[in-house]
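Residue-level structural notes
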Amino acid sequence: MAEYKLLTKDFGMDGIQTLAVYERIGGYEGLRKALRSMTPDELVAEVKTSGIRGRGGAGFPTGMKWSFLPKDVHPRYLCVNADESEPGCFKDRALIDENPHQLIEGTLIAAYAIQAPIAFIYIRGEYHDQRLLLERCVEEARAAGYVGRDILGSDFSCDIIVHGGAGAYICGEETALIDSLEGFRGQPRLKPPFPAVKGLYGKPTVVNNVETLSNLPHIVLRGGAWFASVGAEKSTGTRLFCCSGHINRPGTYEMQLGTPIRELLEDECRGIWKGRSLKAFQPGGGSMQVLLPEHLDLPLEMDAVQRAGSALGAGAMVFMDETTCMVDVSMRLVDFYQHESCGKCAPCREGTYFESELMHRLEAGALTPAELSTLTDICDNMNGKCFCPLGDTATWFVMSAYQAFRGEFEEHCGAGGCPVKRRHAAMAVA
Amino acid sequence: MSVLTPKTRAEIERQRDRYPHARSAVLPSLWAVQHQLGYLSPEGMKEVAELLRLTPSEVEAVASFYSMYFDRPGGRHHVLVCVNVSCALRGAEEIVSHLESRLGCPSGGTTADGAFTWEHTVECLGACGGAPAMQVDHHFQENLTPERVDAILDGVRGAPAAEGPAGRPHRSSGSAAQRAS
C-alpha cells in the first residue's frame, strides 16, 4: 500500500500558497457547502460520523470535543494549535508551507461549527516564515470574503488572528497555549475546568491541531461516512507521518491508518541507510516509548501501538540504526524536557534536572552502578505525579530504553566514555 | 525619551487593537522590540508596558519565560543549531564543532567582528526531515554539511543586520522540491 494522499494531494503544486490556485482546485468549496447547506449542529454530527480523532497527540475524537461546549454561552473561541514542537515532528510546518489555505478553510469550518467569532492560530516562534505566509493568506482570504463579516453572504462572521509564540514547547499543551495567548508565561492550568467550559478569556474554547483542521474541508465535501471508510475502524482517515533519523528518504508521508509500520519504513522511507539494520524506533515523537524491530509489523493504528507499550502520538517516526547509542538518545531527550520544563511543579522542575545530570554522567562513562539504579526511582517520582503530561513523558522514553537496553546502560557505568561509540569507531577503522 | 521608533510603537498599538484584550499583545509587542533593538532592553520593555497598560515587571516576567527573546545585545546575525535526536542521528555534532572552530567562540558566544551570535539548542526546530538543520535569522537551513554551513555563513556575513518580519520577504522553506533534492 503506497501513500494515500488526501491532505498532501496538492503539495508541491505551483502557486498552491495563493488563493487563486487554491480556488482553482476547488478550494473553499467545503466552507461554502457548510455555510449554505449545513447548520452548525449538522456539521458537528458530520464530523462525529467521520470518526476523526485529534492529530496533536492525544487522539481525542474531534466531534465529541466540540460537543462539550456548554449551550448558549458566548462568545466562544477557537484556537488552532500550530505550536508543533514535539521532537521529530514537522508535519504542521509542511501543512502550512505546502497548503496554507487548506488550513485556513478548515479553521473557518471549525469556527462555524462551534460558532466562534474569532479563531486564533498559535504558531511556534521558530516558524517565522510560516507565520508570515499564514498572515498573508488570511489577508488574501479576507479580501475575497472568506474571513470577516457575513462570510460568503451568510450571517456567520469570523476573524482569524495569527499569533506567534516565542520558544516554549509547553505552549503546545492546550491550557498553557491559552495562558500564553492571554499574554502570560505559558504554564498549564489545573483541569477541570476544561477549556471547553472555561478557556481563553474565561470563555468556552476549543483547541484543535493543524492537521485535524486541515481534514475538515475533505470531510465536509466528501462526507463523514466516506472519511470513516478510509483507514482503520477506530483510527479513521490518514495521518502525516514525519519520518527522520537513519533512513534513506526522510520526509513527511501520508498513510492510511492501519498500514503496517514496515511498509512506511521500507516503501516510503526506503529502509535504513548505509545498508545497516534497524536497532530501535520511536513511533510518536520524543515523548513516546521506544519500539524494536519486532514491532515493525504493527499497524499504524493508535490503539494497536498503545497495546505494544508506546503511542503514535503526534505522528513522528524516528528510526535508529545499529550504531546508535541508546544512552545518548535518552540523554538528548531528557535534556529537551529539562530545557522545556515550565517550572510550575516540583516533580518536573527538579526531576528533569536530576535525570539530565545523571544521563550526562552516564553517557560520559562516569556513573557508578549504584547511581544508575536511582534512575528508576527518579522517574517513579515523576511519572503520574506531575502537573501536566510534560513531566510524565520526560520519563517514558528513557525508562523504556533502560528496560529494553539495560545491558547497554550498565555497560556505560565506569567506562570512561561511551562504549557504543568507541565500538563503532573501532569497527570503522578496522 | 523613547527608545522605540515611531514605527515600532505603531506596530505595538496595531497589535494591541487586534485582540479582545490588550494583554494578548505582549508576545507580538516583544517581537517588535526585539526586531528593532536586537534584544529586549529594560527601557524597551517599559515602553511595551506603558502602551499595553501593564507594569514593567509583568512584561519582564513574560519575556523571561520564552527562550527566543534575548536579554542582551548579540551579533548582527543569529545562528541556531538543533542538536535534538533527529539532527544528532545525522551529524549535528559535526556541525556544532565546525561552527565552534569556524566562528571561534563557544555556543552562546558572539564572533569578534560582531557578525554572528550562535548557539545550539535541544529545542527541536521541526526540520527533522532535513536534518541536520539550523536557522539563520529565523530562516531554515537544512541538510547541512560543514561546506554548506561555510557557504551559508559567507552569504549572510556581508548582508545587513537581521531585520524584523516587516522588512523580510517571505520564503517558504522545506518545500517538496527542497526535500527531494
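Scoring rules and cut-offs
Residues numbered from 1 in each chain as written. Chains lettered and ligands numbered in written order. Predicted model: local features only at pLDDT ≥ 70, side-chain atom pairs only at ≥ 80, totals over all residues. Heavy atoms only, no water. Domains from an automatic or database assignment. Pairing = 2+ DSSP bridges. Helix = DSSP H or I, 4+ residues; strand = E, 2+ residues; numbered from the N terminus. Axes fitted to C-alpha atoms, helices over the stretch in contact; angles between N-to-C directions. Buried < 20%, exposed > 50% of the residue type's maximum accessible area, 1.4 Å probe, protein only. Expected span 1.5 Å × (residues − 1). Contact = heavy atoms within 4.5 Å. Patch = residues over 30% accessible without salt bridge, like charges linked within 9 Å, V, L, I, M, F, W, Y side chains within 5 Å. Areas by Shrake-Rupley, 256 points an atom, 1.4 Å probe, with all protein chains shown as cover. Salt bridge = Lys/Arg side-chain N within 4 Å of Asp/Glu carboxyl O. Buried area = accessible area lost by both parts, 1.4 Å probe. Polar contact = N/O pair within 3.5 Å; in protein donor to acceptor, adjacent residues only side chain to side chain. Nonpolar A, V, L, I, M, F, W, Y, C, P; charged D, E, K, R; others polar.

What follows concerns the domain arrangement of chain B. Segmenting chain B into domains produces domain 1 (6-63) and domain 2 (77-166). Each of domain 1 of chain B and domain 2 of chain B has a C-alpha centre, and these two points are 28 Å apart.

Looking now at the sheet that holds strand β4 (residues 139-141) of chain B. All names here are of chain B. A sheet is described by the order of its strands in space; here four strands give the open sequence β2-β1-β3-β4, paired in mixed fashion. Looking at strand neighbours, the two that pair on one side only are β2 (116-121) and β4, the edges of this open sheet. Adjacent strand axes in the sheet meet at a mean angle of 25 degrees, parallel and antiparallel pairs treated alike. In terms of strand pairing, strand β1 (residues 77-82) meets strand β3 (residues 134-136) through three bridges, oriented antiparallel. If you follow V79 over to β3, its bridge partner there is V136.

Let's shift gears to the pairing of strand β1 (residues 77-82) of chain A. Residue and element names in this part refer to chain A. For β1, the tally of buried residues reaches six of six residues, placing the bulk of the element in the interior. Bridge count between β1 and strand β2 (residues 118-123): six bridges; the pairing is parallel. Residue pairing for β2: A82 is matched across the bridge by I123. Bridge analysis of β1 against strand β4 (residues 205-209) gives five bridges, and the strand direction is parallel. Across the sheet, residue C79 finds its bridge partner in β4, namely V207.

Here helix α7 (residues 146-157) of chain B spans 16 Å end to end across 12 residues, near enough to the 16 Å set by a 1.5 Å rise per residue. Buried residues in α7(B) make contact with β1, α6 (92-103), β2, β3 and β4 of chain B.

Let us look at a nonpolar patch on the surface. A grouping of A:F60, A:M64 and A:F68 is seen on the molecular surface, where their side chains present a nonpolar patch of about 280 Å² in accessible area. Relative to the helices and strands, A:F68 is located in the loop between α4 (62-67) and β1.

Right, let's get into the sheet that holds strand β6 (residues 251-256) of chain A. Residue and element names in this part refer to chain A. Read across the open sheet, the four strands follow the order β6-β5-β8-β7; overall the sheet is mixed. Strands with a single pairing partner mark the edges of an open sheet, and in this sheet they are β6 and β7 (278-282). The average angle at which neighbouring strand axes cross in this sheet is 30 degrees, direction not considered. When strand β5 (residues 238-245) meets strand β8 (residues 316-321), the two strands line up parallel, connected through four bridges. Directly across from S244, in β8, lies its bridge partner V318.

Taken residue by residue, the interface counts 65 residues in chain A and 50 residues in chain B. Carbon and sulfur atoms make up 56% of the area that chain A and chain B hide from each other, which totals about 4700 Å². Our count for the contact surface shared by chain A and chain B stands at three salt bridges. For the salt bridge of A:R332 with B:E93, the shortest nitrogen-to-oxygen distance reads 3.0 Å. At the junction of chain A with chain B, the criterion picks out 25 residue pairs in polar contact (both at pLDDT 80 or more). Every element with two or more residues in the side of chain A that touches chain B is listed here: α5 (91-98), β2, α7 (128-143), β3 (159-164), α8 (174-181), β5, β8 and α14 (326-340) of chain A. With seven residues, the top contributor of residues to the side of chain A that touches chain B is α14(A). Of the residues that constitute the side of chain A that touches chain B, the class distribution is 31 nonpolar, 21 polar and 13 charged.

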